[in-house]
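So you can see what is in the structure, the chains are spelled out below.
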Protein chains: 2
Amino acid sequence: MNRTQATLADGREIFFYDDVARTRQVHDTRDISRPGGGSELRWDAYLGEWVAVAAARQNRTHKPATNDCPLCPSTEERATEIPQPDYDVVVFENRFPSLAGGPALPPDFAKAAIAAGEDLTTVRHPGAGRCEVVCFTPEHTTSLAQLDVRRLRTVVDAWADRTAALLAMPEVDQVYCFENRGEEIGVTLHHPHGQIYGYPFPTPRTSRMLEQARVTREATGEDLFARTLAAERAAGQRVIADNEHWTAFVPSWARWPVEIHLMPHRSVRTLPELTDDERDAFAALYLDVLQRGDRLFATPLPYISGWQQAPASAEGTDFRLHLQLFSIRRADTKLKYLAGSESGVGVFINDIPPEQMAQRLREAGETR
Amino acid sequence: MNRTQATLADGREIFFYDDVARTRQVHDTRDISRPGGGSELRWDAYLGEWVAVAAARQNRTHKPATNDCPLCPSTEERATEIPQPDYDVVVFENRFPSLAGGPALPPDFAKAAIAAGEDLTTVRHPGAGRCEVVCFTPEHTTSLAQLDVRRLRTVVDAWADRTAALLAMPEVDQVYCFENRGEEIGVTLHHPHGQIYGYPFPTPRTSRMLEQARVTREATGEDLFARTLAAERAAGQRVIADNEHWTAFVPSWARWPVEIHLMPHRSVRTLPELTDDERDAFAALYLDVLQRGDRLFATPLPYISGWQQAPASAEGTDFRLHLQLFSIRRADTKLKYLAGSESGVGVFINDIPPEQMAQRLREAGETR
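In short, a report on the structure.

The rules behind the values
Residues numbered from 1 in each chain as written. Chains lettered and ligands numbered in written order. Predicted model: local features only at pLDDT ≥ 70, side-chain atom pairs only at ≥ 80, totals over all residues. Heavy atoms only, no water. Least-squares fit on C-alpha atoms with pLDDT ≥ 70 in both. Contact = heavy atoms within 4.5 Å. Salt bridge = Lys/Arg side-chain N within 4 Å of Asp/Glu carboxyl O. Helix = DSSP H or I, 4+ residues; strand = E, 2+ residues; numbered from the N terminus. Buried < 20%, exposed > 50% of the residue type's maximum accessible area, 1.4 Å probe, protein only. Buried area = accessible area lost by both parts, 1.4 Å probe. Polar contact = N/O pair within 3.5 Å; in protein donor to acceptor, adjacent residues only side chain to side chain. Nonpolar A, V, L, I, M, F, W, Y, C, P; charged D, E, K, R; others polar. Pairing = 2+ DSSP bridges.

### Re the relation of the copies chain A and chain B
With an axial shift of 0.0 Å and an RMSD of 0.0 Å, the rotation relating chain A to chain B amounts to 180°. Such a combination of turn and shift is consistent with a two-fold rotation axis. Looking at the rotation axis and the C-alpha trace of chain A, the residue lying nearest is L338(A), at 4.4 Å. Comparing interface residues between copies, 99% of those in chain A also sit at the interface in chain B, which points to an isologous, same-surface contact.

### Remarks on the pattern of salt bridges
Residues and elements named next belong to chain A. Tallying each qualifying case throughout the model produces 72 salt bridges over all chains. R181 is paired through a salt bridge with D294; the nearest N and O atoms lie 3.1 Å apart. In this pair, R181 is assigned in strand β8 (residues 174–181) and D294 in helix α5 (residues 276–294), connecting sequence segments 113 residues apart. Using a relative accessible area of 16% as the deciding quantity, one classes R181 as buried. One network of salt bridges, with partners in common, ties together E13, R34, E93, R130, E132 and R162.

### Thoughts on the interface of chain A and chain B
Taken residue by residue, the interface counts 85 residues in chain A and 84 residues in chain B. Taking both partners together, chain A and chain B bury about 7400 Å²; carbon and sulfur atoms supply 57% of that area. Between chain A and chain B we count eight salt bridges in total. Linking chain A with chain B are 30 residue pairs in polar contact (both at pLDDT 80 or more). In terms of residue count, helix α3 (residues 204–220) of chain A provides more of the side of chain A that touches chain B than any other element does, eight residues in total. By residue class, the composition of the side of chain A that touches chain B is 39 nonpolar, 26 polar and 20 charged. Where strand β4 (residues 49–53) of chain A meets strand β17 (residues 349–350) of chain B, two bridges bridge the pair, whose relative direction is parallel. Following the sheet pairing, A52(A) is matched in β17(B) by I349(B).

These results come straight from atomic positions and should not be treated as a statement about function.
Printed below as a string of structure tokens:
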């Protein structure tokens, strides 16, 4: 891994990950300071979850013109967020973070506050954590699916390296590396990029998976994720593609019109644990899957794709790292909106049978 | 309550609720049959939730021209879903239901199946339940917020009457009466209408509220909902409006840019329990709140609004009926998309402090 660490003019950290070793001299010449505001965690006593209130983000950069892209390399005429004339992959702290800094959130903070007589509506904590931006390429008008496998591997290394670094911070419990792609899901910057969030608590979705892993272990003596992967591989009808180290499949209970999981064959909990071979194999399979996705409809697939990783606090409970990619597109001109049933009471209704979508994704590979 | 029950040509039930008593002769002259397909519940073993797969809905009516609206009254030239030349409020079974018929889903169906050796990926059940459509007015180009309070009261009576009827069906455990409003959230029919879903299980959001109600009762000896309402009324800063029987407030942990709860002052679990006075008071306050919402931005508010009601199976656990209205709009031209953090791991980030939104909604009432 070829990493260069530097600091932006306002004190934020920046990390360059290069495909091949090189020396970078980084000097951010801008006169900028960090926006104030910060965020606050509020305890939702109805659902038992934290909600982040981040007022400063309301005025963040919104769909800038291509010439104003803050994620392109800097030129002599224009200083961007990346003070280099070129880069391969770069990660830096978000200028408008939803979560930033400490202090660490004690695991039973809300419960203890309420037991101590704190009012249900005023259980709050500073918005601790970390938000970073990951640029996948210096080219403004391309996409992750169009990069070469070497670059994908560098992206994997960047994700893994930052996951390890964030998990080492006392204020971070779970690291989510993800990409929002497409205007249909609200992407405000078109330059190919992803984000990394370090949450100060196990996220609600992950907490539920951990609970079900416990339930499954108790009921059957087996690992929820190992058993699911084995069942999907045995059934085969929802498998899209695989290689020695990974399987890509549509889960039998897919809740989105397009939903794809990439699961490693070896039980690991976080990205840093992946071997070189596993990282190479992931890069090749993910590129294949992304390209299949882009062939499903008349235009490239809008999607959310992210790494489900174990929280630091979940030691001892079964969990397996996997990537979850999903899309709200259900036809060339139709989107699946989260309306009353999904957003109001949490019941997802999927109009496309998972077996049908898996078949289409398998066929989308054969046209290459 | 003035109700006329009839049957559509394909056997679906239809119910007319009139502002004043009248006699209706209903004859649906169309030659139609019910689309086949049905739906299936699949157990998401990662999250411990049911997902509905409803393939037949993929081809449902999508943004028809105004002249083809299936929710307008029928004319001599055109038979719509409503075989009457006029109506006040009408409810009928959805032609493209996500859930329909039986058999009832046993509460521990998934757990029992897995304990009995069923594979995690094949725990399934027919998509039992009920889906109905509620038309609020015969006028195609208006909205709930523009109706008079008498009509709103008839809508409340229709919701309450259908809730009682659906809860009496063995295959229904929880009834969700809701409205999706606005193209921004994917509304495919513009005629002012809502929907009623009868789910065969307690929905995920409701299950979590029931769990937190149990936790709160254990920790403090108090009712989660009574305590929250008392705290919001005492603090006052997030209260939008109130009357003798109801309070409208932005919850302190609001996860949406616009989120409004209307809570009754008396602890009731479902709509049928509301008295006449409480129904009248709700209609007046809801109309006020809807009108405030429509004044927030340059164009009317797109929203999802629905009734959180207790499941039949939740007897013995604290719960209080309340209406939850929320919107993804965060500025005149900006929407809050559910992206990676919200949809991928379940952590909501709200860019607008609840106190600020409550203030704006209070001010939106003063301009009348």
